[in-house]
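Structural overview for review
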Amino acid sequence: MAKISNKAPKNADVVVTLFDKKDVKKLKLEKAQLTFLESELNVNRNTVLMPSLTEKHFYVAIEGNWNAEAKEGMRKTGVEIQAAVNKTNLESLHIVNQSALEKAAWYLAEGAALSNYQFLKYFKDKENKKNTLSKIFVTDATISEEEWSELHGIVEGTELARTLVNEPVSFLTATQFSEEMNKAGKVAGFKTQILNKKQIEALKMGGLLGVNKGSIDPPTFTIMEYKPKNAKNKKPIVLVGKGVVFDTGGLSLKPTPGSMDEMKCDMAGGAAVVGAIYAIAANKLPVHVIALVPATDNRPGGNALCPQDVITISDGTTVEVLNTDAEGRLILADALVYAKKYKPELVIDLATLTGAAVRSIGTYASAVMATADQKVVNNLMDSGFEVWERLIQFPMWKEYGEEMKSDVADLKNLGGAFAGQISAAKFLEHFTDYPWIHIDIAGPAYQNKVDAYRTKGGVGVGVRLLYDFIKKNYAN
Ligand code: BES
Ligand code: MG
Ligand code: ZN
């Protein structure tokens, strides 16, 4: 990734000056330059490339309220500038915040760095395809020294999550996924324990083992822990991520055309919690965090789970499986049961769980359902706006849970035709006994087109959200 630092060089290839629009006259510009800039600003162009033969210098005017939307606009400006740098094969970018707006350069750098991400592993001529932008320098008096390296860790965590999603199952089996978590832990400084199939059997994780029955590759259950000596929280925050490395639907094979085409993304929840604990550990936040990822592929096969089979989750709850494509909730059930042993302060799970979440709100937000205190949920939703990974909350009324009752077992894994994201959440709730938030990221997890700094493929959604939320609410 592009290296981000606050050690400004004498001459970078491209310079960006951020300024408050009303202070345009205070910029140290020659008369002709000022006239040019003002005429551009007059036609509402807020990103202006100053004509010059010797240097590439952008002036970015900021106006209006410095709110979450304006910060998102700054990230998008970062995308434009990143594109201009790469298009002309330049390498270094220096962003200077001359405005008094807090951390203005941070957001621009964030957008530039995130949009500079590429997944080139499988190209023969990857060297030629590589973006040239490799160094981002920032001068901003409103940002402290620690905050700088922090942005680097956050971008790295997001890129890690993207790459894990972008890897196809031909590489990223459950075993490989766990191995990648282990590697990430070694780099960032968190501990990783990988449970293999035998250990998963010993724990009687019937949900994870059930989904894995049609597969030729074994499941894994990975436990990551970051526990610094100076942790501010007594009880840990536990993150849980769905790790279905590919979802064919199993014997209830995905029925509609195209519905299987992007299903390597079905471990995006797992990738998000890995990326989040990576960023937290890399930046040494004083907070005790545990991340759990149950992983398997979901395939039909000789011994695959059949509709009407009854399986037993690790807490003894029996589940009638009516649709093997509703597999995420089965593996999450075992992980949520496992989380009980930590007596957690809060558990947050992230999962590409339902098409219903996508149908209800599209790809611009994730669906949240929770039993945690509403204040905690509101704080998470605030972080959602701050990092522009927005959340919409759905109710957890008990009527939605009635749908999940079975004639032959404690629960069934299939609800009614409507509001499937809620009945799925009601199913999961059964396995919790602690304050809990469920985030259905099926909409924003994967992009089939570029959307500003959300590159095509895995988006890494959840990493910046969890980081911001945990930092603000538990690390001080
Ligand atoms: N992984 C899918 C959900 C999904 C859909 C993720 C679209 C990303 C984009 C999940 O396992 C699934 O298949 N859900 C079913 C559940 C249904 C059978 C109750 C769904 O939503 O159709
Ligand atoms: Mg499925
Ligand atoms: Zn799935």
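As a reminder, the structure under discussion sits directly above these lines.
Overview of the structure. If you're wondering where the values come from, they're calculated on a predicted model, not measured in any experiment.

This next bit is on the nonpolar core. Formed by 102 residues in total, the largest nonpolar core has its most connected members in Leu18, Ile95, Ile136, Leu239, Ile437 and Ile439. For this core, the leading source of residues is helix α9 (residues 268–282), giving 11 residues. Not counting residues up to four positions away in its chain, the partners in contact with isoleucine 95 are Val16, Leu18, Ala105, Leu108, Ala109, Ile136, Phe137, Val138 and Thr139. Within the second largest apolar cluster, 46 residues are counted, among which are Val238, Ala335, Leu336 and Trp436.

Our next topic: empty space enclosed by the protein. Inspection of the entire model under this criterion finds two cavities of 30 Å³ or more. Here the second largest cavity defines a volume of roughly 40 Å³. Looking at the lining of the second largest cavity residue by residue, the class counts come to six nonpolar, two polar and one charged.

What follows concerns the coordination of the magnesium ion (ligand 2). Tetrahedral coordination by four donors puts the ideal angle at the metal at 109.5 degrees, and octahedral coordination by six puts it at 90 or 180 degrees. Protein ligation of the magnesium ion (ligand 2) involves Asp247 (OD), Asp325 (O), Asp325 (OD) and Glu327 (OE), the donor distances falling in the range 2.1 to 2.2 Å. Considering all six donor atoms around the magnesium ion (ligand 2), the spread of angles at the metal, 70 to 168°, places the coordination shape in the irregular class. Mapping the donors of the magnesium ion (ligand 2) onto the primary sequence yields the spacing D-x77-D-x1-E. The metal-metal distance between the magnesium ion (ligand 2) and the zinc ion (ligand 3) is 3.1 Å, with aspartate 247 serving as a donor to both. On the criterion of sequence distance, the pair formed by aspartate 247 in strand β10 (residues 243–247) and glutamate 327 in the loop between β13 (318–321) and α10 (328–339) is long-range, its members being 80 residues apart. What makes aspartate 247 buried here is its relative accessible area of 3%.

Attention now goes to the site of ligand 1. By nearness alone, 16 residues border ligand 1, and Lys254, Asp266, Asp325, Glu327 and Gly355 come closest of all. Aspartate 325 is positioned such that a nitrogen or oxygen atom in its side chain is 2.8 Å from an oxygen atom of ligand 1. In this structure, an oxygen atom belonging to ligand 1 sits 2.8 Å away from a side-chain N or O atom of glutamate 327. Across the shell around ligand 1, the residue classes tally to five nonpolar, four polar and seven charged.

Sizing a probe to match a water molecule and rolling it over the atoms shows the empty space that remains. Estimates place the volume of the largest pocket at around 1100 Å³. As for the largest pocket, its lining consists of 42 residues, of which Lys254, Thr354, Gly355, Ala356 and Arg359 are closest to the centre. By residue number, the principal contributor to the lining of the largest pocket is helix α11 (residues 355–361), which donates four residues. Classifying every residue of the lining of the largest pocket by side-chain character gives 14 nonpolar, 17 polar and 11 charged.

On to the coordination of the zinc ion (ligand 3), then. Coordination of the zinc ion (ligand 3) by the protein involves Lys242 (NZ), Asp247 (OD), Asp266 (OD) and Glu327 (OE), with metal-donor separations of 2.0 to 2.4 Å. For the zinc ion (ligand 3), the six donor atoms are set out with angles of 79 to 176° between them, so the coordination reads as octahedral.

With that out of the way, let us pick up the environment of tyrosine 338. Inspection of the secondary structure assignment puts tyrosine 338 in helix α10. As a C-alpha pair, tyrosine 338 and methionine 205 span 133 residues in sequence and 9.3 Å in three-dimensional space. Excluding residues within four positions of it along the chain, tyrosine 338 makes contact with Leu203, Met205, Phe221, Ile223 and Leu292.

Turning next to the pattern of salt bridges. Oppositely charged side chains are able to pair whenever their charged atoms sit close together. Summed over all chains, the structure comprises 25 salt bridges. The shortest N-O distance in the salt bridge between glutamate 150 and lysine 471 comes to 3.1 Å. Taken together, the residues glutamate 150 in helix α5 (residues 145–166) and lysine 471 in helix α15 (residues 463–474) connect sequence positions 321 residues apart. Its salt-bridge partner being glutamate 327, residue lysine 242 comes within 3.0 Å of it at the nearest N-O pair. Of this pair, lysine 242 sits in the loop between β9 (237–241) and β10 while glutamate 327 sits in the loop between β13 and α10; the two residues are 85 residues apart in sequence, bridging distant segments of the chain. Through salt bridges that share partners, Glu72, Arg75, Glu110, Glu389, Asp451, Arg454 and Arg464 make up one connected network.

Each value, and the rule that gives it
Residues numbered from 1 in each chain as written. Chains lettered and ligands numbered in written order. Predicted model: local features only at pLDDT ≥ 70, side-chain atom pairs only at ≥ 80, totals over all residues. Heavy atoms only, no water. Core = buried A, V, L, I, M, F, W, Y, C linked by side-chain atoms within 4.5 Å. Buried < 20%, exposed > 50% of the residue type's maximum accessible area, 1.4 Å probe, protein only. Helix = DSSP H or I, 4+ residues; strand = E, 2+ residues; numbered from the N terminus. Contact = heavy atoms within 4.5 Å. 1 Å grid on protein atoms, 1.4 Å probe; cavity = no way out; pocket = protein on both sides within 12 Å on 5 of 7 lines; lining within 4 Å. Points joined across faces, edges and corners; volume = space filled by probe spheres on them. Nonpolar A, V, L, I, M, F, W, Y, C, P; charged D, E, K, R; others polar. Donors = N, O, S within 2.8 Å, 3.2 Å for Na, K, Ca; no water. Tetrahedral: all angles 85-135°; square planar, octahedral: opposite > 155°, others 65-115°. Near = heavy atom within 4 Å. Polar contact = N/O pair within 3.5 Å; in protein donor to acceptor, adjacent residues only side chain to side chain. Salt bridge = Lys/Arg side-chain N within 4 Å of Asp/Glu carboxyl O.

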